[in-house]
Amino acid sequence: QLRGVVAMDGPSGTGKSTVARRLASTLGAGYLDTGAMYRAATLSVLRARVDVTDAEMTATVVERMRLEISDEPGVAAVHLDGEDVAVEIRGPEVTTAVSAVSAVPRVRELLCDQQRAIIERVLDDRGGIVVEGRDIGTVVAPDAELKVYLTASPDARARRRATQDGRLSTVDAVLADVERRDRLDSSRAAAPLRRADDAIELDTTALDVDGVLAALLSNVDERG
Ligand code: C5P
């Protein structure tokens, strides 16, 4: 049984989501996918036909949207203004635009407040939650019990993403996209992707899901 917050950060394609969900199920904890929240916000901006480089209009759309997200590791539901958008937020339009939307400070402030409220509620209800994203250990939950920063070689990350996609994407195309997003996410001024000083770094290049899970569980035990 997990008490408190596990913060899982890192770039895309490190196996973060799969591992975070499995870890939460194993520990009987809640789970929050903050990337899905930035993706839903992006979909809302695209649907409003607002230019994602217009920070002010983008923030206005995000202020008005109504976002609900599952806090269960086994349920991937995301509702935007009452509509289930779990599939649509994984599409190429959202993936291309999400880094621009998530670089807007006001957008981050709004989503960060919502994330902290969800974390508080889940901690009250069930005592533990695994939260994944880019700035969980640094900004959203700086007092997390355990912080993990996942990495993997660019090649491994592109291969994992290409398999997940199920579309006709070549590994090269996916690699270019993953690297573009990392560059944007790491170089933005507001809450850039970076490892918290007190995070454990785990390279998943040569590990399968069970291997990563075992490494994480031994860290949870040590602290528990
Ligand atoms: O995790 P996922 O790949 O779904 O995240 C999509 C995008 O959302 C990231 O590329 C990043 O721009 C943004 N994001 C963020 N902060 C988080 C989680 C995601 O800026 N905590």
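Numbering of residues starts from 1 in each chain and follows the order in which that chain's sequence is written. Confidence filtering applies because this is a predicted model: local features only for residues at pLDDT of at least 70, side-chain atom pairs given and counted only at 80 or more, and all residues used for totals across whole chains, interfaces and linings. Excluding hydrogens and water, the side-chain values take into account all heavy atoms of the structure.

As named in an unreviewed UniProt entry, the chain is Cytidylate kinase, taken from Herbihabitans rhizosphaerae. Comment text from UniProt for the chain, heading Sequence similarities (unreviewed entry), reads "Belongs to the cytidylate kinase family. Type 1 subfamily." Note on the chain: under the UniProt heading Subcellular location (unreviewed entry), the record states "Cytoplasm". UniProt positions are given in the numbering used here, feature names are shortened, and annotations may be inferred rather than shown by experiment.

Engineer: Which parts of the structure should I look at to understand the overall build of the chain?
Structural biologist: Every helix listed is a DSSP run of H or I at least four residues long, and every strand listed is a run of E at least two residues long, numbered separately from the N terminus. In terms of helices and strands, the chain carries 9 helices and 8 strands. Relative to the globule expectation of 17 Å for 224 residues, the C-alpha radius of gyration of the chain, 17 Å, shows essentially globular dimensions. Its C-alpha atoms put the chain at 50 × 40 × 30 Å along the principal axes. The 224 residues of the chain split such that 50% are buried. Counting only contacts in the chain whose residues sit at least 6 apart along the sequence, the fraction spanning at least 24 positions is 78%. Computed by Shrake-Rupley with a 1.4 Å probe, the accessible areas treat only the displayed protein chains as cover when residues are assessed. Split by element, the accessible area of the chain, about 10500 Å² in all, is 50% carbon and sulfur. When the 29 positive and 38 negative side-chain charges of the chain are each reduced to one mean point, those points stand 2 Å apart. It is over C-alpha atoms that the radius of gyration is taken, and the globule rule equals 2.2 Å times the number of residues to the power 0.38. For every residue, the accessible area obtained with a 1.4 Å probe (protein chains only) is divided by the maximum for its type, and the residue is called buried under 20%, exposed over 50%, and partly exposed between those limits. The contact definition used throughout considers only heavy atoms, calling two residues in contact when any of these lie within 4.5 Å. Asp and Glu are treated as the negative residues and Lys and Arg as the positive ones, with His and the ends of the chain left uncounted. A charge is said to be at NZ when it belongs to Lys, at CZ for Arg, at CG for Asp and at CD for Glu.

Engineer: What is the right way to read the environment of Leu 32 from this model?
Structural biologist: Topologically, Leu 32 is positioned in strand 2 (residues 30-33). Classification of Leu 32 by relative accessible area gives buried; the value is 0%. Sequence separation between Leu 32 and Glu 222 is 190 residues, and the spatial gap between their C-alpha atoms is 23 Å. When neighbours within four sequence positions are excluded, Leu 32 is seen to be in contact with Met 37, Ile 69, Gln 115, Ile 118, Ile 119, Ile 129, Val 130, Val 131 and Glu 132.

Engineer: Help me out: how do you make sense of the sheet that holds strand 2 in this one?
Structural biologist: Either a parallel or an antiparallel arrangement is found when strands of a sheet pair, and the pairing is made through backbone hydrogen bonds. A pair of strands is considered paired only if DSSP assigns at least 2 bridges between the two. Here we have 5 strands laid out as an open sheet, ordered 2-6-1-7-8, and parallel in their pairing. The two strands at the open ends of the sheet, each matched to only one other strand, are strand 2 and strand 8 (200-203). Each strand of the sheet is rotated relative to its neighbour by a mean of 20°, with strand direction disregarded. Pairing between strand 7 (residues 146-151) and strand 8: 4 bridges, direction parallel. The residue bridging Val 148 from the neighbouring strand is Ile 200, located in strand 8. Against the sheet, helix 1 (residues 16-27) contacts strand 1 (4-9), strand 2, strand 6 (128-133) and strand 7, and its axis sits at roughly 180° relative to strand 6. To get an axis, a line is fitted to the C-alpha atoms, and for a helix only the part in contact is used. The angle between two axes follows their N-to-C directions and goes from 0 to 180 degrees. Docked against the sheet, helix 5 (residues 105-126) engages strand 1, strand 2 and strand 6, running at close to 155° with respect to strand 6.

Engineer: In this structure, what is going on with the site of the ligand? I would like to understand it.
Structural biologist: As a structural note, the neighbourhood of the ligand is formed by 15 residues, with Arg 39, Ser 102, Arg 108, Asp 135 and Asp 185 the closest of them. One nitrogen or oxygen atom from the side chain of Thr 34 is found 3.0 Å from a nitrogen atom belonging to the ligand. Relative to its unbound accessible surface of 460 Å², the ligand loses 98% to contact with the protein. Looking at the shell around the ligand element by element, the count peaks at 4 residues for helix 2 (residues 34-47). Of the residues contributing to the shell around the ligand, the split by class is 2 nonpolar, 5 polar and 8 charged. When we say a residue is near a molecule or strand, we mean one of its heavy atoms is within 4 Å of it. Two N or O atoms form a polar contact when they lie within 3.5 Å of each other; inside protein one atom must be a possible hydrogen donor and the other a possible acceptor, and for residues adjacent in sequence the pair counts only when both atoms belong to side chains. The nonpolar class holds Ala, Val, Leu, Ile, Met, Phe, Trp, Tyr, Cys and Pro. Asp, Glu, Lys and Arg form the charged class, and all remaining residues, Gly among them, are polar.

Engineer: Would you mind showing me how to read the sheet that holds strand 5 (residues 83-84) here?
Structural biologist: Across the sheet, 3 strands lie side by side as 3-4-5; this open sheet has antiparallel pairing. Lying at the two open borders of the sheet, with one neighbouring strand each, are strand 3 (67-69) and strand 5. Along the sheet, helix 2 makes contact with strand 3, strand 4 (78-80) and strand 5, crossing strand 4 at roughly 25°.

Engineer: I'm lost on unusual backbone geometry in this one. Help?
Structural biologist: Peptide bonds are, in most cases, trans, and in most cases residues other than glycine have a negative phi. Unusually for a residue other than glycine, Arg 49 sits at a positive phi of about 60°. One non-glycine residue, Ala 191, lies in positive phi territory at about 45°. Mapped onto the fold, Ala 191 is located in the loop between helix 8 (171-187) and strand 8. Classification of Ala 191 by relative accessible area gives buried; the value is 19%.

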